[in-house]
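Letter by letter, the chains look like this.
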Amino acid sequence: MRAVSVSALQHVDCPPSTSYRPLARPSLVHRYNVHRPCAAQSWQRTSTSRAVATPDRATEVPPPTLRSPGPARPIPGYDPDTDRVGVLLLNLGGPETLEDVRPFLYNLFADPDIIRLPPAARWLQPAVAWLISTLRAPKSRRGYAAIGGGSPLRAITQEQADALAGALADRAVPARAYVAMRYWAPTTEQAVAALKADRINKLVVLPLYPQFSVSTSGSSLRLLERLLREDAQLAAARHVVIPSWYARPGYVAASCDLIQAELARFPAEADGVEIFFSAHGVPQSYVDEGDPYKEEMEQCVALIMTELAARGWLRPYTDDAIRYLGERRVRGLLAVPISFVSEHIETLEEIDMEYRELAEEVGIKSWGRVPALNTNPVFIADLADAVLEALPYAGSVAGSAVGELDALLETYDRDRRQLPAPIGGWVWGWTRSAETWNGRLAMLALLSVLLLELVTGRGAIGTLLALMPR
Ligand SMILES: C=CC1=C(C)c2cc3[nH]c(cc4nc(cc5[nH]c(cc1n2)c(C)c5CCC(=O)O)C(CCC(=O)O)=C4C)c(C)c3C=C
Ligand SMILES: [Fe+2]
């Protein structure tokens, strides 16, 4: 008899759900018909039942269940004679070297979907981004130094793209997969240029975030929409967006396979292993304004727990702190990163190093962490199926009064805020980084002029004239 139970812990405060307003989904959104999630109460700290019998260790981890490609058949929404299919994977991007950290952070904080300033203060966004990125850079740099000097995100995302293209080829749909990062290379601009060069005329847009948030998929889609609109060739191509896919059975199954495999690694004497789900947080105001992220996250955890329970592993209960678990003399803890599908700084540094250390401090003897899905074959196969299921829904951005991407974006972005251009590392000459720095200096100069006016009560020119020697 072994006790296994579940806790849900967010490393950034997760707001309570009371003020969540569901988003009205536009009709283009492909709804997946999956088994209903169990009641979300499993997320709350209510039930504390835990002891369950687990199967014999030798039979604990089933082999991944991969569907083999069937015989050639017409694929709905795919015409092999005319369609040049592209899959655009949207992701966040990460600094590849320690020098990249500050400009990467600048791009992140310059995004109005990450740092939301009131309308009257929007012009200050570059200065605010510069300030926060400068202040945060040393801590972030230490984090990236601890995981080998840079983010693994680019390499892993490219591997996912290659694996997905392979899985689609196996399903008789030759498609190219492109990577578009929001804050670092390869940039969304570069990916869009590649789509154009390859004359892609049917595009499936797949954000690599299982759950939708304005701050992640939303921001990437907003940038993408602008780029597609600006180009006549791409605006005429047909597109479909898969906004979130946390409820897909393949994603849930692959996640459960990985959790089971990790549970099996715990030493037999580590009775009472807890599982905690670790998710990125978003500010409460996002949830208040309709960001579905929190609700999708709760449903996702519930789906995974239901599936694990169905496999005979556990009965869920939740909690929100490693310390609390330590006080309750929990001796085994398994961390499950839930909001992202690749290894990244938070899995490799925050969970593997900081949380692990904390767990040891509070007396948790056995520690495990479920790996990110990365190129897990069940997961990739399921993404390939998602792409095929989305193909018949592809429509043209230019072809309707309100394009499909537009309709999706309408649900959360009524302001149509201007997006800043991303910057790379510092390059000498008349370059984008020079323009950015000139812009920052101009901002500072403007701020100084305004302050001067406030203090002296005179206009800038009057003040300058008064300062001139006579
Ligand atoms: C679903 C995933 C994510 C959400 C939601 C999210 C929101 C969010 N993030 C920040 C600020 C930062 N994020 C940083 C890195 C980072 N963020 C995510 C995912 C989500 N963010 C990932 C996967 C990564 C790691 C990328 C990598 O290089 O491996 C960082 C930089 C890292 C650091 O300094 O710690 C910041 C800062 C905000 C403010 C926000 C919601 C508004
Ligand atoms: Fe983040």
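Along each chain, numbering runs from 1 in the same order as the chain's sequence is written. Think of it this way: whatever chain is written first is A, whatever ligand is written first is 1, and the rest follow in order. Only residues with pLDDT of at least 70 get local features here, since the model is predicted, and only at 80 or more are side-chain atom pairs given and counted; chain-wide, interface and lining totals rely on the full set of residues. Hydrogen atoms and water are omitted, and side-chain values are computed over all heavy atoms in the structure.

Student: Could you clarify how one ought to interpret the pattern of salt bridges in this entry?
Tutor: Between side chains of opposite charge, a pair can form as their charged atoms come close. A pair is scored as a salt bridge if a Lys or Arg side-chain nitrogen falls within 4 Å of a carboxyl oxygen belonging to Asp or Glu. What the rule picks out here adds up to 20 salt bridges. With a shortest N-O distance of 3.3 Å, Glu230 and Arg226 are connected by a salt bridge. Of this pair, Glu230 and Arg226 both sit in helix 5 (residues 214–230), separated by four residues, roughly a single helical turn. Looking at Glu230, the relative accessible area reads 56%, which means it is exposed. Between Arg265 and Glu262 there is a salt bridge, with the nearest N and O atoms lying 3.0 Å from each other. One end of the pair, Arg265, and the other, Glu262, are both in helix 7 (residues 249–265), three residues apart, so they sit about a helical turn from each other. Exposure classes here rest on a 1.4 Å probe applied to the protein chains alone. A residue is buried below 20% of its type maximum, exposed above 50%, and partly exposed in between. With a relative accessible area of 61%, Arg265 lands in the exposed category. Under the scheme used here, helices are H or I runs from DSSP no shorter than 4 residues and strands are E runs no shorter than 2 residues, and both carry numbers assigned from the N terminus.

Student: How do you make sense of the packing of aromatic side chains when you look at a structure like this?
Tutor: Between two aromatic rings, the relevant description is the distance of the centres plus the angle of the planes. Working definition: rings of Phe, Tyr and Trp (its six-membered ring) pair if their centres are within 6.5 Å, and the pair is stacked with planes under 30 degrees apart, edge-to-face with planes over 60 apart, and tilted otherwise. This structure, assessed with the given rule, holds six aromatic pairs. An angle of 35 degrees between the planes, with centres 5.7 Å apart, marks the rings of Trp245 and Phe379 as tilted. Within this pair, whereas Trp245 is found in the loop between strand 6 (238–241) and helix 7, its partner Phe379 is found in helix 12 (residues 377–390), the two being separated by 134 residues in sequence. Ring centres 6.1 Å apart and planes at 55 degrees place the aromatic pair Phe276 and Trp367 in the tilted group. Placement of Phe276 in strand 7 (residues 273–279) and of Trp367 in strand 9 (residues 366–369) is noted, with a sequence separation of 91 residues between them. One exposure class covers both Phe276 and Trp367, and it is buried. An aromatic cluster is built from Trp245, Tyr251 and Phe379, whose rings are joined through pairwise contacts. We count a charge as sitting over a ring when the NZ of a lysine or the CZ of an arginine lies within 6 Å of the ring centre and within 35 degrees of the ring normal. If you follow Arg116 out to its NZ or CZ, it ends over the ring of Tyr286, 4.0 Å from the centre.

Student: What should I look at first to understand the site of ligand 1 in this one?
Tutor: Any residue with a non-hydrogen atom lying within 4 Å of a molecule or strand is treated as near it. Residues in contact with ligand 1 amount to 25 residues; listed here are only the nearest, Arg136, Ser140, Tyr144, Ser151 and Ile345. By the criterion applied in these results, polar contacts are pairs of N or O atoms within 3.5 Å in which, for protein atoms, one can donate a hydrogen and the other can accept it, and in which residues neighboring in sequence qualify only through two side-chain atoms. In the model, an oxygen atom of ligand 1 is placed 2.5 Å from a nitrogen or oxygen of the Tyr144 side chain. Here an oxygen atom of ligand 1 sits 3.0 Å away from a polar atom, N or O, in the side chain of Ser151. Mapped by element, the contributors of at least two residues to the shell around ligand 1 are helix 1 (101–109), helix 2 (125–146) and helix 5. With four residues, helix 1 is the largest single contributor of residues to the shell around ligand 1. In this count, Pro and Cys sit with the nonpolar residues alongside Ala, Val, Leu, Ile, Met, Phe, Trp and Tyr, while Asp, Glu, Lys and Arg are called charged and the others, Gly among them, polar. Its residues placed into classes, the shell around ligand 1 shows 16 nonpolar, eight polar and one charged. Structurally, the shell around ligand 1 is a two-domain feature, drawing no fewer than three residues from each of domain 1 (85–246 + 377–416) and domain 2 (249–369). Domain extents, as shown, originate in an automatic or database domain assignment.

Student: Help me out: how do you make sense of the packing of helix 7 against helix 9 (residues 293–310) in this one?
Tutor: The interhelical angle for the contact between helix 7 and helix 9, taken along N-to-C directions, is 60 degrees, at an axis separation of 9 Å. As far as their axial angle goes, helix 9 and helix 7 are oblique. The handedness of the crossing between helix 7 and helix 9 comes out as right-handed. Facing helix 7, whose interface residues are Tyr251, Val252, Ser255, Cys256, Ile259 and Gln260, helix 9 presents Cys300, Leu303, Ile304, Glu307 and Leu308. Class assignment of the residues belonging to the contact of helix 7 with helix 9 gives a composition of eight nonpolar, two polar and one charged. The convention used is that axes are lines fitted to C-alpha atoms, helices contributing only their stretch in contact, and that angles between N-to-C directions extend from 0 to 180 degrees. Roughly parallel covers angles under 35 degrees, roughly antiparallel covers those over 145, roughly perpendicular covers 65 to 115, and oblique covers all other angles. Crossing handedness follows the turn of the near helix against the far one: under a right angle anticlockwise gives a left-handed crossing, and clockwise gives a right-handed one. Whether two residues are in contact is decided by their heavy atoms, any of which lying within 4.5 Å being enough.

Student: Would you mind going over helix 4 (residues 188–197) with me for this structure?
Tutor: Along an α-helix, residues three or four apart share an orientation, since each turn contains 3.6 residues. For helix 4, every residue scored as buried is listed here: Thr188, Ala191, Val192 and Leu195. Buried residues of helix 4 fall within an arc of 100 degrees about the axis and therefore sit on the same side. Turning to helix 4, the residues buried within the fold contact strand 3 (85–91), strand 4 (175–181), strand 5 (202–207), helix 5 and helix 6 (232–236). Arc definition: it is the arc formed by the directions from the helix axis to the C-beta atoms.

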